[in-house]
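Understanding the architecture of this molecule
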Amino acid sequence: MKPKIYINSISSITAQSRDKEESPVSYYKSIFPAISPNYKDYIKPMTLRRMSKAIKMGISAAKMALQEAEIENPDAIITGTGEGCKQDTEKFLENLIDQDEQLVTPTSFIQSTHNTVGGQIALNLGCKNYNLTYTQNSASLESALFDTYLQFLETSGKKSVLVGGVDELSEKITGFRNLDGQLKTGKIHNLDLFKEASAGTITSEGAHFFILSTEKSGNCYAEFKDISIKNSIEPEQINAEVENFLHKNNLGIDAIDAIVLGKNGDNRYDYYYSILQDSLFKNTLQLGYKHLVGDYDTASGFAVYLACKILKSGSISSVMKLNTLRPGKIKNILIYNQYLGSDHSLILLSAV
Amino acid sequence: MNKGVAVTGMGIISAIGNNIEENYRSLLASNSGIGCSEFLKTTHTNIPVAEIKIANETLSKHLNLSKNHSFTRAALLGSLAAKEAIEQAGIKIDDETGFISGTSVGGMDATENHFKEFVAGKADNKRFIRSQHPGFTTEKMAEYFGITGFVSTISTACSSGANAIMLGARMIKAGKLKRVIVGGTDCLTKFTLNGFNALMILSNNPCRAFDEHRNGLNLGEGAAYLVLEAEDILNGKPVLGRLKGYGNANDAFHQTASSENGEGAYLAMQEAIKSAGITPGEIDYINAHGTATKNNDLSESRAIQRIFEAGIPDFSSTKAFTGHSLAAAGALEAVYSLLSLSKQEIYPNLNFSQAMPETGLKPVTEVKQKKLNLVLSNSFGFGGNCTSLIFAKDEA
Amino acid sequence: MKNLQAELKESIIEQLNLEDMEPGDIKNDEALFGDGLGLDSIDALELIVLLEKDYGIKLTDPAQSREIFKSVNSMAEFIEANRTK
């Protein structure tokens, strides 16, 4: 039988400050960094010295989630990262190219591995349990959540899983997105992202970690109901896909009180969202978030984070609203995301 | 009873052959694939590697790709191996067919070739900009086979392929998929060659796993995939073997090095044995990780001693055939484990002459015929990632 | 020798990202690894490259480095005796 899965703690590091939801930070560039917490609160200086931002953000966000849930050693650590430790990758790559493969030092190579963050969290906690890292573009965090979901379906005896996503900016590799049309050109204001009818999006970095558990804590945010990942969906099939997913969970469209969409202002692919906005979810509260934190492979962590907060507090910041509906009590939230028309995911969360 | 998840197809390409049959013949004849690099353009010409001697252009022709395709070498190798597996299993790709691939550096080959152009703002080869990220390589392969459903990539360094196989089996068991193509792919790159070189763990000679005088690993490249299918759709189809158990644990000791007593490896093997519902004594053969670094082989040997105590089963590392193909290693060795089960023979650990004094363990050094029911395959990676898989002969 | 020690301290701080440290914080005879400065095996590999790059000394076996990198003093002595540049 399928057990109930609870989200007992959440953490977020993004380009937005965590306690100023109603007055979001404006950015006038297509690439903007995350606001760093004081990493020394979470990581010893001697180990901090060689860490890239992804590692620092990852460990810090993981520790925030663990502290909130009062867990020292989770039964599994499952990480998603679309582009991994790009800063170290870039550093090592430049060194070996510039120095014609001579006198290359290993530190950045060691840290370039995609499972560096997951491994470093384990090392930091001394946690020898199950540890996996997924890297499937915009379905990276979702893959990690899917694995987490499987852990609880199996009779593995696992009680608490630390799961999260992290991605960082790097000077050159992120900049390459300007060359292949992934980023907007010209004048940009992040908060006006959805007003623009142009190609490309804005990007940033961040980390989100969660404690999922079969045991509901007093602090519990939401129930994690279901998740689905599909590599590609024909636009005309998107409605059917969503209906099918809800049907499997014995829910109709009416049962969804809010839908969080991964809209990123890229008019070449945003139709996946507008189809849903204009049809199935026409009378549902629609929320967006990528104008706040940018779009990167694990940006959907922010959607999960926000949905959790909404389900727990019942309050919704107006900056997220894509339509003007005023729903009653929020019971079920659906999160839908894709990037460049691929790696689609649906996540269903419910109030507890 | 835990029958294990059915393997109905397998495919492989490595430095010792372009398909299952060629790999098998090389294993029997003790033909190693380790030699000089020809296709990898590196200044380290003195470092031996296990390279697949086929150019990307030729690989693309085998796959009938258009001229301006954006397949990375890992995607090319991966597609060839997966094609063999899919054809053997005779499956039709549908909505309930998943694809889970392990890769460590994905399309780094394309990135390192074009990096300077991109830095200079040249966009001629922009179709390779996203290739650096492992999901890109997986996506190309999914596209090639028309897989639209569950597609994911695992990147846990050298245990990626083994972890992909584990996830596939778990998804079938949980009823999330009917069939799934699982495995791993990695190609030789300057990035990884220089990385391991900087770590000072590459040998200048063919590697000597478990030998007292072992002095490092050889990098290799390759890809291997298995088709796993749910019991209710088998319909009497031949089953090549079964994935009976799996375990993953973290050494949580050091970013790259293994702990002295091999705690992570020990826990992974223990979990695999537990999940298979067997006792250690039932394992007939171990296809060891055995990279031939000082550190890995000692750590793995100690972990094996701790699990099996006095009854250490036959074991060998096949890395001296294929080099260490990183994310693909666990998948390559899954294929070899399945071959061992179907042919009832163990493939040798080449270049071994003297046991390390710390353990005195001696691997199998000649092809050995033996009744084999259960084979354990180990894969360990950076970040302390340790995975063990247990394959069983199908009890028809 | 004195200059070499000062130079080494600066290089160590830079190469190993010891951000919060000043050359004066490292004593000449202080253990660089373990309980002293707290460097680890990854740092040792970085220092091996430093030896080659700055002093033309090529080590082939990382195990060799343990004695050499005991302290700034031992590093300086080894460099004095073996440097090619």
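Worth saying up front: this structure is predicted, and the values here are computed from it rather than measured.

**A look at the UniProt feature "domain: Carrier" (unreviewed entry) in chain C**
UniProt's feature table lists "domain: Carrier" (unreviewed entry) at residues 2-83 of chain C, given in the numbering used throughout. End C-alpha atoms of residues 2-83 of chain C are separated by 16 Å, and the span's content is 54% helix alongside 0% strand.

**A closer look at the interface of chain B and chain C**
Taken together, the contacts link 5 residues of chain B with 8 residues of chain C. Interface area, chain B with chain C, both sides summed: about 460 Å², of which 70% is carbon and sulfur. Broken down residue by residue, the surface that chain B buries against chain C is led by Leu199(B), Met200(B) and His254(B), which jointly contribute 81%. The interface formed by chain B and chain C includes 0 salt bridges. Our count for the chain B to chain C interface comes out at 1 residue pair in polar contact (both at pLDDT 80 or more).

**Structural notes on the interface of chain A and chain B**
For an interface, size is often stated in terms of accessible area lost upon the parts coming together. Counting residues at the interface gives 63 residues for chain A and 67 residues for chain B. Buried area between chain A and chain B, both sides added, is near 5,400 Å², and the carbon and sulfur share of it is 61%. Connecting chain A to chain B are 3 salt bridges. There are 28 residue pairs in polar contact (both at pLDDT 80 or more) connecting chain A and chain B. Secondary structure elements with two or more residues in the side of chain A that touches chain B: helix H3 (86-98), helix H4 (107-112), helix H5 (116-125), strand S3 (130-134), helix H6 (140-153), helix H7 (171-175), strand S6 (222-232) and strand S10 (342-350) of chain A. The leading source of residues in the side of chain A that touches chain B is H3(A), at 8 residues. Its residues assigned to classes, the side of chain A that touches chain B comprises 24 nonpolar, 25 polar and 14 charged.

**Focus on the pattern of salt bridges**
In total, this model carries 39 salt bridges over all chains according to the counting rule given. Two residues, Asp43(C) and Arg50(A), come together in a salt bridge whose shortest N-O distance is 2.9 Å. Of this pair, Asp43(C) sits in helix H2 (residues 41-55) while Arg50(A) sits in the loop between helix H1 (45-48) and helix H2 (53-69), placing the two residues on different chains. Residue Asp43(C) shares its accessibility class with Arg50(A), and that shared class is buried. Across the pair Asp147(A) and Arg170(B) runs a salt bridge whose closest N-O atoms are separated by 2.7 Å. Taken together, the residues Asp147(A) in helix H6 and Arg170(B) in helix H6 (residues 160-173) connect one chain to another. In this structure, Asp147(A) and Arg170(B) share a single accessibility class: buried. Connected through shared salt-bridge partners, Arg49(A), Arg50(A), Asp40(C) and Asp43(C) make up one network.

**With respect to the packing of aromatic side chains**
Residue and element names in this part refer to chain B. Within this structure, the stated rule accounts for 21 aromatic pairs over all chains. On the basis of an interplanar angle of 45° and a centroid distance of 5.8 Å, the ring pair of Phe 99 and Tyr 225 is categorised as tilted. Taken as a pair, Phe 99 in strand S4 (residues 97-102) and Tyr 225 in strand S8 (residues 222-229) lie far apart in primary sequence, 126 residues in all. Phe 99 gets classed as buried once you look at its relative accessible area, which sits at 1%.

**Things to note about a negative patch on the surface**
All names here are of chain C. There is a patch of like negative charges on the surface, built from Glu 7, Glu 10, Glu 14 and Asp 54. Considering every element that reaches the negative patch, the biggest residue donor is helix H1 (residues 2-15), with 3 residues. Positionally, Asp 54 belongs in helix H2.

Cut-off values and rules
- Residues numbered from 1 in each chain as written.
- Chains lettered and ligands numbered in written order.
- Predicted model: local features only at pLDDT ≥ 70, side-chain atom pairs only at ≥ 80, totals over all residues.
- Heavy atoms only, no water.
- UniProt positions renumbered as here; feature names shortened; annotations may be inferred.
- Helix = DSSP H or I, 4+ residues; strand = E, 2+ residues; numbered from the N terminus.
- Contact = heavy atoms within 4.5 Å.
- Buried area = accessible area lost by both parts, 1.4 Å probe.
- Salt bridge = Lys/Arg side-chain N within 4 Å of Asp/Glu carboxyl O.
- Polar contact = N/O pair within 3.5 Å; in protein donor to acceptor, adjacent residues only side chain to side chain.
- Nonpolar A, V, L, I, M, F, W, Y, C, P; charged D, E, K, R; others polar.
- Buried < 20%, exposed > 50% of the residue type's maximum accessible area, 1.4 Å probe, protein only.
- Phe/Tyr/Trp six-rings, centres within 6.5 Å; stacked < 30°, edge-to-face > 60°.
- Patch = residues over 30% accessible without salt bridge, like charges linked within 9 Å, V, L, I, M, F, W, Y side chains within 5 Å.
- Areas by Shrake-Rupley, 256 points an atom, 1.4 Å probe, with all protein chains shown as cover.
- Lys, Arg positive; Asp, Glu negative; His and termini not counted.
- Charge placed at Lys NZ, Arg CZ, Asp CG, Glu CD.

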